[in-house]
Amino acid sequence: MIASILPSISPGTLLAGGVTATAASLWLLLPGGRSGAADRTARWLGWLIGIVALASFIATGHRLGNVGEEAVFLTVALVAVISGAATVVSRSPVYAAIWFAMALAGVSGVLLVLGGQFLGVATIVVYAGAILVMFLFVLMLAQPAGLAPYDRVSNEPLLAAVAGAVLLGILSLSIGRLTAEPPACCLMGGTKAALLADSPAAEPAAAAGIDMLADNHVARLGGELFGRHLLAVEVAGVLLLVALIGSIAIVSRGAADAESAAARRAMP
Amino acid sequence: MNPLADVVTPSPLVLDGLVVGAILFALGVVGILARRNLIVMFLCAELMLQGISVSLVSWSRHHGDWGGHVLVIFVLTVAACEAAVALVFVLQAFARTGRLDSAAWQSLRESNLSRTIDHELPAIDTVPLKFPKLSPAGVEPAADEDAALEREHV
């Protein structure tokens, strides 16, 4: 859509502009310890530049062909990305938690569009509980009256924004190169190419996508999980147990430390 | 044109999914680097994990392989463990310093790094919050105080 409006701009220029706009937008949006009016102006400007950055990334993106699919993907992806940005730049941790829940809704939509039916639902179910706990923590610990000083400043907001934008630019560039040419590994010799062509991983994506969208999706995923990856499931169970015991140990030890410190203070 | 090009080139949907994953990951990186609130830093780490999950599912779709989906399930598991341990650490840190500030632990920094100094921040004009109110409907019922006293359960 936007690419047809701006046919004269090359993809490289669009990407460079998008990266620059991302850096500027994040720098303006991150808490910078400004005064009230300046902070509001910076945030407005930041969101405006952020919209420009998003538009350039949408323009460099790839058309899906099907208008309905494209509209759905664009909607959920925008929800995920905008809510993710709002999570990062929210001054109040309470708002950050709420925006993160919204970002999860967007991510689960993206996963659904990409064919991860089980994962889309599991993300909502698992993280909804996690976010609820996070929310209770925020309510328990956050400053009840106004914002804490450390919520109003950032560590080096300009450098952090530039670093993130450069990382994003490198990732986008390498993703863009996937269409431009086959990776260097496949051009080296006949054997590697033949091996790639023979391996099941080299099946055309269309057939694979249809296979993945079969109606016994969850059963197949379960078969794969508890068949080929059974050992990993056992290890994950041990990991959960270790994390549980570890967190309980840290809590009880911390409580004992606090008690002994209080007893020492009470002694004359 | 390379004959392998139509084999290894991912579909547009896969590429767009990868871009979304990259954006989420980069946002999480910025948050981890810049923010000072421990809980917000934790949320940003989760945002990075979400970006990775989207990328994994995209590659899974490209290869027609369940490996990416299985890996995302393990990402969820490890994220749960990480949440448990990290929240305990946040609680302990809050109990010791009374703040959710990562700079409260700057005595642990490398010796060649400069100290984080908090300057006095300009005042923010606090806008009083406006909450919606329900308009009163109907007549207020007359409360019978004697009957209220005689009631066994409230």
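Preceding this paragraph is the structure being described.
Undergrad: Describe the overall build of chain B, listing the residues and the values that go with them.
TA: The helix and strand tally for chain B stands at 5 helices and 0 strands. Ordering the α and β elements of chain B from the N terminus gives α-α-α-α-α. By the burial criterion, 36% of the 154 residues in chain B qualify as buried. By sequence separation, contacts in chain B at least 24 residues apart represent 49% of the contacts at least 6 residues apart.

Undergrad: Any chance you could break down the interface of chain A and chain B for me, citing the residues and the numbers?
TA: Contacts between the two partners involve 90 residues from chain A, matched on the other side by 75 residues from chain B. In terms of residue class, the side of chain A that touches chain B is made up of 61 nonpolar, 20 polar and 9 charged.

Undergrad: Which residues make up helix α4 (residues 67-97) of chain B, and what are the values?
TA: An ideal rise of 1.5 Å per residue puts 45 Å on 31 residues; α4 of chain B measures up with 44 Å between its terminal C-alpha atoms. All of the buried residues in α4 of chain B are Gly68, His69, Val70, Val72, Ile73 and Ala83 of chain B. Tucked inside the fold, the buried residues of α4 of chain B contact α6 (117-141) and α11 (217-227) of chain A together with α3 (38-63) of chain B. Gly98 of chain B, located one to two residues past α4 of chain B, shows a positive phi value of around 75 degrees.

Undergrad: Break down the packing of α3 of chain B against α4 of chain B for me, citing the residues and quoting the values.
TA: Residues and elements named next belong to chain B. Running from N to C, α3 and α4 point in directions that differ by 175 degrees, and their axes come no closer than 9 Å. Relative to α4, the element α3 is oriented roughly antiparallel. On α4, the residues touching Leu38, Ile39, Phe42, Glu46, Leu49, Ile52, Ser53, Leu56, Val57, Trp59 and Ser60 of α3 are Gly67, Gly68, His69, Leu71, Val72, Val75, Ala79, Ala86, Val90 and Ala93. Its residues placed into classes, the contact of α3 with α4 shows 15 nonpolar, 5 polar and 1 charged.

Undergrad: Run through unusual backbone geometry, naming residues and quoting values.
TA: Here Glu156 of chain A, not a glycine, exhibits a phi torsion of approximately 45 degrees, which is positive. On the secondary structure map, Glu156 of chain A appears in the loop between α7 (149-152) and α8 (157-180).

Undergrad: Residues and numbers for the environment of Ala77 of chain A, please.
TA: Looking at the element boundaries, Ala77 of chain A is found in helix α4 (residues 67-89). With residues up to four places along the chain from it excluded, the contact list for Ala77 of chain A reads Gly106 and Val110 of chain A together with Val20 of chain B.

Undergrad: Account for the environment of Arg35 of chain B, with residues named and values stated.
TA: Turning to its location among the elements, Arg35 of chain B is positioned in the loop between α2 (12-34) and α3. When the 31 C-beta atoms within 10 Å are taken as the criterion, Arg35 of chain B is described as buried. With residues up to four places along the chain from it excluded, the contact list for Arg35 of chain B reads Ser154 of chain A together with Val40, Met41 and Cys44 of chain B.

What counts and how
- Residues numbered from 1 in each chain as written.
- Chains lettered and ligands numbered in written order.
- Predicted model: local features only at pLDDT ≥ 70, side-chain atom pairs only at ≥ 80, totals over all residues.
- Helix = DSSP H or I, 4+ residues; strand = E, 2+ residues; numbered from the N terminus.
- Buried ≥ 20, exposed ≤ 12 C-beta atoms within 10 Å, placed from the backbone.
- Contact = placed C-beta atoms within 7 Å.
- Nonpolar A, V, L, I, M, F, W, Y, C, P; charged D, E, K, R; others polar.
- Expected span 1.5 Å × (residues − 1).
- Axes fitted to C-alpha atoms, helices over the stretch in contact; angles between N-to-C directions.
- Parallel < 35°, antiparallel > 145°, perpendicular 65-115°, else oblique.

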